[in-house]
Amino acid sequence: MPTIQYNDLLVSNSYLKEKYALSNYKQYKKNQLPTLSFVASNTLQQNNQNFRIVDDKVNWINSNYIGLRLICNLPSTKSLSQIYNAKFEYQLTQKNTEHNKIKAELDHKQLETDYEKALSQAKTNRDIYLLRKDSYDKNQQLYSEGLIGIDQTINSYNAMVNANYSMISSQINVELAKSKIDINNKIK
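An account of the accompanying structure is given in this report.

Conventions adopted
- Residues numbered from 1 in each chain as written.
- Predicted model: local features only at pLDDT ≥ 70, side-chain atom pairs only at ≥ 80, totals over all residues.
- Heavy atoms only, no water.
- Helix = DSSP H or I, 4+ residues; strand = E, 2+ residues; numbered from the N terminus.
- Rg over C-alpha atoms; globule rule 2.2 N^0.38 Å.
- Buried < 20%, exposed > 50% of the residue type's maximum accessible area, 1.4 Å probe, protein only.
- Contact = heavy atoms within 4.5 Å.
- Expected span 1.5 Å × (residues − 1).
- Phe/Tyr/Trp six-rings, centres within 6.5 Å; stacked < 30°, edge-to-face > 60°.
- Salt bridge = Lys/Arg side-chain N within 4 Å of Asp/Glu carboxyl O.

**Some remarks on the overall build of the protein chain**
Here is step 1 of the chain: In terms of helices and strands, the protein chain carries 3 helices and 2 strands.
Here is step 2 of the chain: In summary, the protein chain has a C-alpha radius of gyration of 40 Å against a globular reference of 16 Å for 188 residues, an excess of more than 25%.
Here is step 3 of the chain: Expressed along its principal axes, the backbone C-alpha trace of the protein chain runs to roughly 140 × 30 × 30 Å.
Here is step 4 of the chain: By residue count, 20% of the 188 residues in the protein chain fall in the buried class.
Here is step 5 of the chain: Here the contacts in the protein chain between residues at least 6 apart in sequence split such that 76% fall between residues at least 24 apart.

Below is the structure:
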């Protein structure tokens, strides 16, 4: 029995999608939180009644301030729908990850079952071929002694040939199952 490694490529992909959906969900939720900002300004302005003429005689007034700005976002339908869609997407990717874990385990067991089935079929077909060959050999001896007709000998020969074809086909199926296992082990 060849070693069958657990292929978690699909599970890893789903897990990364789940992390991405979680980060989107957190981002949309945090966008609704209030923000506190530090603001500062240092400007000069001139109080002049005539807006077109710059008067050099009028003094420039220094206008400086510092402070904190609190911004509270009011929830809108767009922001709420983004949050609920992101939450739904995250839950969907969680379920998808669970589904892919189960699928990976089933694929692993399926590869093992397919190999065992092909191997069992090959053994059975080999035994059938050996029985058909023995039957043909005995019928050939009986025909050479004149105890049975040529039609029974030809029928036993055809049965042996068909059993040989089945044996070869089942051996190819064993090799196919081994190839599937090799591909599963190589792709990570």
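Having seen it, we continue.
**What about helix H2 (residues 77-145)?**
Here is step 1 of the chain: For H2, which comprises 69 residues, the first-to-last C-alpha distance of 97 Å matches the rise-based estimate of 102 Å (1.5 Å per residue) to within 8%.
Here is step 2 of the chain: Just downstream of H2 lies glycine 146, where phi reads positive at about 85 degrees.

**Here's the deal with the environment of tyrosine 15**
Here is step 1 of the chain: As for its position among the elements, tyrosine 15 is in helix H1 (residues 9-30).
Here is step 2 of the chain: Take tyrosine 15: its relative accessible area is 46%, and that puts it in the partly exposed class.

**Quick word on the packing of aromatic side chains**
Here is step 1 of the chain: By the definition in use, this model includes 1 aromatic pair.
Here is step 2 of the chain: The interplanar angle of 55 degrees and the centroid separation of 5.3 Å between the aromatic rings of tyrosine 136 and tyrosine 157 together place this pair among those described as tilted. On the criterion of sequence distance, the pair formed by tyrosine 136 in helix H2 and tyrosine 157 in helix H3 (residues 150-186) is long-range, its members being 21 residues apart.
Here is step 3 of the chain: Here tyrosine 136 falls in the buried class, since its relative accessible area comes to 16%.

**Description of H3**
Here is step 1 of the chain: If you check H3, its first and last C-alpha atoms are 54 Å apart, about what 37 residues at 1.5 Å a residue would give, namely 54 Å.
Here is step 2 of the chain: Of the positions making up H3, those classed as buried are Thr153, Ser156, Met160, Ala163, Met167, Ser170, Val174, Ala177, Ile181, Asn184 and Asn185.
Here is step 3 of the chain: Looking at the buried positions of H3, the neighbouring elements they touch are H2.

**Examining the pattern of salt bridges**
Here is step 1 of the chain: Following the criterion strictly, the structure yields 5 salt bridges and no others.
Here is step 2 of the chain: Note that aspartate 127 and arginine 126 form a salt bridge whose closest N and O atoms lie 3.5 Å from each other.
Here is step 3 of the chain: Classification of aspartate 127 by relative accessible area gives partly exposed; the value is 39%.
Here is step 4 of the chain: With a shortest N-O distance of 3.6 Å, lysine 133 and aspartate 137 are connected by a salt bridge. Taken together, the residues span about one helical turn, with lysine 133 and aspartate 137 both in helix H2 at a distance of 4 residues.
Here is step 5 of the chain: We classify lysine 133 as partly exposed; its relative accessible area is 32%.

**Focus on the side chain of asparagine 100**
Here is step 1 of the chain: For asparagine 100, the location among the structural elements is in helix H2.
Here is step 2 of the chain: Setting aside chain neighbours within four positions, we find asparagine 100 in contact with Leu10, Val11 and Ser14.

Purely geometric stuff here, so don't read any function into it on its own.
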